Amino acid sequence: MKKGKTHFISLFFSAVVTAVLFYIFAHKFFLFFWNFDLLAERHWMHIWNKWESGWVIRKPKEVLFFIAVLLLIPSYLLSWFCVHKFPWKKFFRLPLTYLENKKKERLQAQSLAAALGPSEPQHTTAVKKEPEKVIKISAQKLSQIDHLRGKKTVSHRIAAQTSPTVETAPGSTQNTSKKLSKEDEAVARFELWESLAKSLETEKIFILRQMKIKNHPVNTFAVTQDGIFLLCEGPALGNTWEVHDNAEPPIWQTEKEAIPSPLRPLVESKEILQQYFSKKMPQYANVSINCCMILDHGNVTNTEALLKYLEEWDISVLRMGTCQTHSLPDTHALIEYIKSQPVSTQTFNDAVAVAILDLMESENGQ
């Protein structure tokens, strides 16, 4: 429907609604003050006859009556304007908006709860039962670890291999941003993730960058004394997604095509890492592993469908950057929570780094 025609229908509708409401109010108003019926012909004829007979208006009540009559048309036009401009669509959607906000709050609470993990990690007691064993790392692996952390050199890391302190590692944004300089959007998203990692490193949180677990990329690995956080970006393809994780195979439908669900690899990554710790490093078998997918752009059209998957798999989906899914919580609460955690020991950092490298090497070797 054309805009001009839509505007005319809106004007006509508001004019009819105003006429009905205005008549009801004006009719009662004139009856109450002057016992005058606006639609009664004999009342108007009575006034006309008195006027013809030389009626002299002297009483205040008569003056006010004629002023009210003269103001009928201007008052109607003003009322018409107000009715036309009133946000009727928003008004009638109030009940629906209330329900949508309730669902949004429930989704945000569950998604954020999954991101934060259990309030009292079960692994803490298990880790403290015996002293952590210092893990010996070769110079080659040290170089690989520092590459994942975004460091340029490893000399200072080798010297501090057995030190319990954690050094803040500056990110290598310059080289990466040069590769992505042809696509402004990709550059902005990279800088967004780099800023997130640096904000955690500022609080001495051990960070690894750009890893893979079973060919599933992980943007940021944050390690604290109370757990590990896998932070992964959402799909690179598409700007709108409709979640269909109950399909076989599970997919997310974009505006152009169907792509594999990014949630399943995240769940698999968590399970693989848990299995590795159980077999290779049993002292960390009960460590808390929290998985979070962060959408840095685009929009999920059916966020309610995410609820049951977040509950079932104990993962979370958050938003940052230009992501338009406002029903999802942003990353602020999660990042502040990670920053508030006790700093992990160098031994635990090394264990996590070695685990990731071993999993990457085993996958490449297949």
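Just so it is clear, the structure is predicted and the values come from calculations on it, not from any experiment. (Residues numbered from 1 in each chain as written. Predicted model: local features only at pLDDT ≥ 70, side-chain atom pairs only at ≥ 80, totals over all residues. Heavy atoms only, no water.)

### Some remarks on the overall build of the protein chain
Here is step 1 of the chain: Within the protein chain, the regular secondary structure consists of 15 helices and nine strands.
Here is step 2 of the chain: For the protein chain, restricting intrachain contacts to residue pairs at least 6 apart in sequence, the fraction spanning at least 24 positions comes to 65%.
Here is step 3 of the chain: If you sum the accessible surface of the protein chain, you get close to 21,600 Å²; carbon and sulfur atoms cover 59% of it. (Helix = DSSP H or I, 4+ residues; strand = E, 2+ residues; numbered from the N terminus. Contact = heavy atoms within 4.5 Å. Areas by Shrake-Rupley, 256 points an atom, 1.4 Å probe, with all protein chains shown as cover.)

### Points about helix α12 (residues 263-280)
Given 3.6 residues per helical turn, the α-helix brings residues three or four places apart onto the same face.
Here is step 1 of the chain: An ideal rise of 1.5 Å per residue puts 26 Å on 18 residues; α12 measures up with 26 Å between its terminal C-alpha atoms.
Here is step 2 of the chain: All of the buried residues in α12 are Leu-263, Leu-266, Val-267, Ser-269, Lys-270, Leu-273, Tyr-276 and Phe-277. (Expected span 1.5 Å × (residues − 1). Buried < 20%, exposed > 50% of the residue type's maximum accessible area, 1.4 Å probe, protein only.)

### Structural notes on the pairing of strand β7 (residues 289-295)
Here is step 1 of the chain: Taking burial as the measure, the seven residues of β7 include seven buried ones, the bulk of the element.
Here is step 2 of the chain: Neither face of β7 is left uncovered, since the one carrying Ile-289, Cys-291, Met-293 and Leu-295 and the one carrying Asn-290, Cys-292 and Ile-294 both have all their residues buried.
Here is step 3 of the chain: Across six bridges, the pairing between strand β3 (residues 227-233) and β7 is parallel. Considered in β7, the bridge of Cys-232 is made with Met-293.
Here is step 4 of the chain: In the sheet, β7 pairs with strand β9 (residues 315-319) via five bridges, with the strands oriented parallel. Looking at the pairing, Ile-294 lines up with Leu-318 of β9. (Pairing = 2+ DSSP bridges.)

### With respect to the nonpolar core
Here is step 1 of the chain: With 44 residues, the main nonpolar core has Phe-221, Trp-252 and Phe-277 as its most contacted residues.
Here is step 2 of the chain: Examining the composition of this core, we find that eight residues originate from one element, helix α15 (residues 346-365), more than from any other.
Here is step 3 of the chain: Residues in contact with Phe-277, not counting those within four places in the same chain, are Ile-228, Pro-282, Tyr-284, Ala-285, Val-287, Ile-289, Ala-351, Val-352 and Ala-355.
Here is step 4 of the chain: Membership of the second largest hydrophobic core comes to 16 residues, among which are Ile-205, Ile-207, Leu-318 and Met-320. (Core = buried A, V, L, I, M, F, W, Y, C linked by side-chain atoms within 4.5 Å.)

### As for the packing of aromatic side chains
Here is step 1 of the chain: Scanning all chains against the criterion turns up 20 aromatic pairs.
Here is step 2 of the chain: With 5.8 Å between their ring centres and 50° between their planes, Phe-33 and Trp-34 make a pair best called tilted.
Here is step 3 of the chain: With centroids separated by 5.5 Å and ring planes inclined at 75°, the aromatic side chains of Trp-34 and Phe-65 adopt a geometry described as edge-to-face. In this pair, Trp-34 is assigned in helix α1 (residues 3-34) and Phe-65 in helix α3 (residues 60-70), connecting sequence segments 31 residues apart.
Here is step 4 of the chain: Here the aromatic cluster, defined as three or more aromatic residues joined through ring pairs, consists of Phe-25, Phe-29, Phe-30, Phe-32, Phe-33, Trp-34, Phe-36, Trp-44, Phe-65 and Phe-66. (Phe/Tyr/Trp six-rings, centres within 6.5 Å; stacked < 30°, edge-to-face > 60°.)

### Looking at the pairing of strand β4 (residues 240-244)
Here is step 1 of the chain: Residues Trp-241 and Val-243 line the buried face of β4, whereas the alternating positions Thr-240, Glu-242 and His-244 sit on a face that is not buried.
Here is step 2 of the chain: Pairing geometry for β4 and strand β8 (residues 299-300), over two bridges, is parallel. Note that in β8 the partner of Trp-241 across the bridge is Val-300.
Here is step 3 of the chain: By the bridge criterion, three bridges tie β4 to strand β5 (residues 251-253) in an arrangement that is antiparallel. For Glu-242, the partnering residue across the bridge sits in β5 and is Gln-253.

### Some points on helix α14 (residues 332-340)
Here is step 1 of the chain: Taken together, the buried positions of α14 are Leu-334, Ile-335 and Ile-338. Seen along its axis, α14 keeps its buried residues to an arc of 95°; they face one direction. Of the exposed residues in α14, those oriented more than 90 degrees away from the buried face are His-332 and Ser-340. (Arc of directions from axis to C-beta.)

### As for the pattern of salt bridges
Here is step 1 of the chain: Under the counting rule described, the total for this entry stands at six salt bridges.
Here is step 2 of the chain: Among the salt bridges present, the one from Glu-233 reaches Arg-189, with a minimum N-O distance of 3.9 Å. Of this pair, Glu-233 sits in strand β3 while Arg-189 is found in helix α11 (residues 184-202), placing the two residues 44 residues apart along the sequence.
Here is step 3 of the chain: Relative accessible area serves as the criterion here: at 30%, Glu-233 is assigned to the partly exposed category.
Here is step 4 of the chain: On the basis of relative accessibility, which here comes to 16%, the residue Arg-189 falls in the buried class.
Here is step 5 of the chain: Connected through shared salt-bridge partners, Arg-189, Glu-233 and Asp-296 make up one network. (Salt bridge = Lys/Arg side-chain N within 4 Å of Asp/Glu carboxyl O.)

### Details of the sheet that holds strand β1 (residues 206-213)
Strands in a sheet are paired, the pairing made by backbone hydrogen bonds, and the direction either parallel or antiparallel.
Here is step 1 of the chain: Spatial strand order, β1-β2-β3-β7-β9: five strands in an open sheet with mixed pairing. Looking along the sheet, the strands with just one partner apiece sit at the ends: β1 and β9. Along the sheet, successive strands turn relative to each other by an average axial angle of 30°, direction set aside.
Here is step 2 of the chain: Across the sheet, α12 touches β1, β2 (216-224), β3, β7 and β9, and the angle it forms with β7 is around 155°. (Axes fitted to C-alpha atoms, helices over the stretch in contact; angles between N-to-C directions.)

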